[in-house]
Amino acid sequence: MLFNSFLFIFIFLPITLIGWYILNRYKHHELAKAFLAGMSLWFYGYFNFYYLAIIIVSIVFNYLLSFILTFVDAKPWKRTACRIGLLAGILFNLGLLFYFKYYDFFIENINLAFHTNFNLKHILLPLGISFFTFQQLSFIIDRCLGKAEHYSFINYVTFVTFFPQLVAGPIVLYKEIIPQFEDERNHKFNPANFTEGIILFVLGLGKKVLLADVFGLVVNYGFAQTYSLDTASTILVILSYTFEIYFDFSGYSDMAMGLGRMFNIVIPVNFNSPYRSCNVKELWQRWHITLSRFFVTYVYIPLGGSKKGKLRTIINTIIIFFLSGLWHGAAWTYIAWGTMQGLLVVWDNLGIVGIKGREEKNPSKFHIPEWCGWFLTFTFFNLSLFFFRSESMAGALQMFKNLFAFNYTGKVFEVAATMDIAEFYVIQEALVIVAPSVVRYAYLLLLVVYLAFSFFLIFRKNALEIATDGKLSSGKCWAVSIIFVWCVISLSQVSTFLYFNF
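Keep in mind that this is a model prediction, so the values were computed, not measured.

(A) Representation of the overall build of the chain. Within the chain, the secondary structure is distributed over 20 helices and two strands. A globule of 502 residues ought to have a C-alpha radius of gyration of about 23 Å, and the chain, at 24 Å, matches this closely. Across its three principal directions, the C-alpha atoms of the chain cover 80 × 55 × 55 Å. Of all 502 residues assigned to the chain, the portion counted as buried reaches 55%.

(B) Summary view of the side chain of K208. Turning to its location among the elements, K208 is positioned in helix α8 (residues 191-224). Residues contacting K208, with those up to four places away along its chain left out, are N4, D213, F247, D248, M255, S495, T496 and F497.

(C) Main features of the environment of P363. The topology assignment puts P363 in the loop between β1 (353-355) and β2 (366-368). Spatially, the C-alpha atom of P363 lies 43 Å from that of V218, the residues being 145 residues apart in sequence.

(D) How the structure looks around the packing of helix α5 (residues 129-144) against helix α11 (residues 289-300). In contact at an axis separation of 12 Å, α5 and α11 are set at 30 degrees when each is read in the N-to-C sense. Judged by the angle between their axes, α5 and α11 are roughly parallel. For the pair α5 and α11, the crossing hand works out as left-handed. Mapping the contact onto sequence places F134, L137, S138, I141 and D142 in α5 and L291, F294, F295 and Y298 in α11. In terms of residue class, the contact of α5 with α11 is made up of seven nonpolar, one polar and one charged.

(E) Main features of the confidence of the model for the chain. Predicted confidence across the chain gives a mean pLDDT of 92, with 98% of residues reaching 70 or more. Predicted confidence in the chain is weakest over helix α17 (residues 425-434), with a mean pLDDT of 85, and strongest over helix α15 (residues 393-403), with 97.

(F) Structural view of the environment of I11. Within the secondary structure layout, I11 lies in helix α1 (residues 6-25). Once the C-alpha coordinates of I11 and S66 are considered, the two residues, 55 residues apart in sequence, prove to be 36 Å apart.

(G) Expanded view of the packing of helix α3 (residues 49-69) against helix α6 (residues 153-161). Two elements in contact, α3 and α6, have axes whose closest approach is 11 Å; the angle formed by their N-to-C orientations is 135 degrees. The orientation of α3 with respect to α6, classified from their angle, is oblique. Handedness of the crossing formed by α3 with α6: right-handed. From α3, I59, N62 and Y63 reach across to α6, where they touch F153, Y156, V157, V160 and T161. Within the contact of α3 with α6, the residues separate by chemical class into six nonpolar, two polar and no charged.

(H) Just the side chain of Q428, in detail. Within the secondary structure, Q428 is located in helix α17. Within the local environment of Q428, its side chain forms a polar contact with the side chain of E429, the two groups lying 3.4 Å apart. In contact with Q428, not counting residues within four places along its chain, are D420, V439 and Y443.

The rules behind these values
- Residues numbered from 1 in each chain as written.
- Predicted model: local features only at pLDDT ≥ 70, side-chain atom pairs only at ≥ 80, totals over all residues.
- Heavy atoms only, no water.
- Helix = DSSP H or I, 4+ residues; strand = E, 2+ residues; numbered from the N terminus.
- Rg over C-alpha atoms; globule rule 2.2 N^0.38 Å.
- Buried < 20%, exposed > 50% of the residue type's maximum accessible area, 1.4 Å probe, protein only.
- Contact = heavy atoms within 4.5 Å.
- Axes fitted to C-alpha atoms, helices over the stretch in contact; angles between N-to-C directions.
- Parallel < 35°, antiparallel > 145°, perpendicular 65-115°, else oblique.
- Left-handed = near helix turned anticlockwise from the far one by under 90°.
- Nonpolar A, V, L, I, M, F, W, Y, C, P; charged D, E, K, R; others polar.
- pLDDT = per-residue confidence, 0-100.
- Polar contact = N/O pair within 3.5 Å; in protein donor to acceptor, adjacent residues only side chain to side chain.

Dropping the structure here:
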């Protein structure tokens, strides 16, 4: 089930909210959580009933492992048992993820390297498996290290399956979600939270439906025409993808946070205006924050972090970004993207170039203005997305060739013509009658306007800042209402979220 669908907005969400608050109103708190978990499983199973069996097996295994560990607390062999439990938890969770996400990639490379002919399974990737696997893995690791307690089954199931974050994050931690479900103050309807939730949800929906999906038209066509793009069209295509992936994923995260607030549950921030960043290190402190948190907590710090010398710090940084690239997908393009990000972060950590006016632990040798740091950061991130979006390394390298060929073939008009959106229909038809030769320029102008508006938005308040600024003016109400109605009218072009693929 998709957030941007009639079924979710007008049937699933109202039923779930009403059931949750009615059951809590009559003090049936455990039943309310069971109801919410059941609705969340329906939400997940709606995509494919087969997915439901996978997540249930994952939940039961991890919960049973946690339960078994409750019997070793006072035993002299507790440390050994916890180590065995930790190994079992890691092997199961990563094994499950490997089988569904990386098996074919592994076999393909084995066949290529050793000239074998093992068959591929072409396994269907379950939605959200990367998210709920890391979510449970963090719990099991902390449980085996004695940092987490054992919870009731219904609390654990609700934590894992809570539908706002189930299929595309953020990657939430048990210690920030379960206590909220246990807090009786959150069982009562809160008008302030509900209002913030609606605003966040609508703004996120607007990002997805009105911006990301429109840019997606350009991106899908552009990357399908990789070998025929000129320099100008390549720039338009990659800028469109830069904004598509941001509005798509941050829009989903905004909707997730908004839905959480409707249930009085605060879901952690996953995006904090990353395109305002003046270096790549800062960008990764603002982009997909919960994924970075996971890798820092459970990989970077255990490897020694930054406390074992400069060389070890560099290696650890490259490792977590290599894993981050691999987490996003089973392809060398994702690994190349992650490695490129890691190298850029290492460069920032070396402190050779700093930003004027910013405090630094280790003073840099050279300083550049903020605008220059922003431009370089934004440019390098765009370039890295050639790897992220391309179907193959050859395709990514071709996009680089297109960019630096410095040629012009007029392909920009063909690319811009994919902006055939309903909102532009009347203007297009009028131009066809009055001045047909101008139509292609009008489409190009439309794309440029969308890009200019996107640049404008990234330097304004983000959705969370707007929703929580404490001001509920008539202007804000009208704006949110108009965005919602506009989105509902556009829902006939329903599309999945990009991060469903990861």
